[in-house]
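# What the coordinates show
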Amino acid sequence: MDVKVKMPSVIVSIEVAVGATVTKGQCVAVVEAMKMKNETPAPIDGTVTSITVNPGDRLKPGAVIMSIE
């Protein structure tokens, strides 16, 4: 399952690495949108299979941050 941003955002930090096991609701990234920092939760329990962004990247709504399977 892809983890996506919902609004124009800048990646502040990635809180997990590829291969990490995550639980639903766990913070996997911090993004800044509208001058506010927001934690992005894992939508499912699983393992991070890919990370497609780096801190500082500007993203459009719907952009994929990472994949979890």
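To start, this report covers the structure provided alongside it.

Conventions and cut-offs
- Residues numbered from 1 in each chain as written.
- Predicted model: local features only at pLDDT ≥ 70, side-chain atom pairs only at ≥ 80, totals over all residues.
- Heavy atoms only, no water.
- Helix = DSSP H or I, 4+ residues; strand = E, 2+ residues; numbered from the N terminus.
- Buried < 20%, exposed > 50% of the residue type's maximum accessible area, 1.4 Å probe, protein only.
- Pairing = 2+ DSSP bridges.

## Regarding unusual backbone geometry
With the exception of glycine, most residues fall at negative phi, and the peptide bonds are largely trans. Residue Met-34 is not a glycine yet carries a positive backbone phi of 55°. Tracing the chain through its elements places Met-34 in the loop between strand E4 (27-33) and strand E5 (36-41). The class of Met-34 is exposed, set by a relative accessible area of 70%. Even without being glycine, Lys-35 reaches a positive phi, approximately 65°. Along the chain, Lys-35 turns up in the loop between E4 and E5.

## Quick look at the sheet that holds strand E8 (residues 64-68)
The 4 strands lie next to each other as E1-E8-E6-E3, forming an open sheet whose pairing is antiparallel. Two strands lie at the open edges of the sheet, namely strand E1 (2-4) and strand E3 (21-22), each paired on one side alone.

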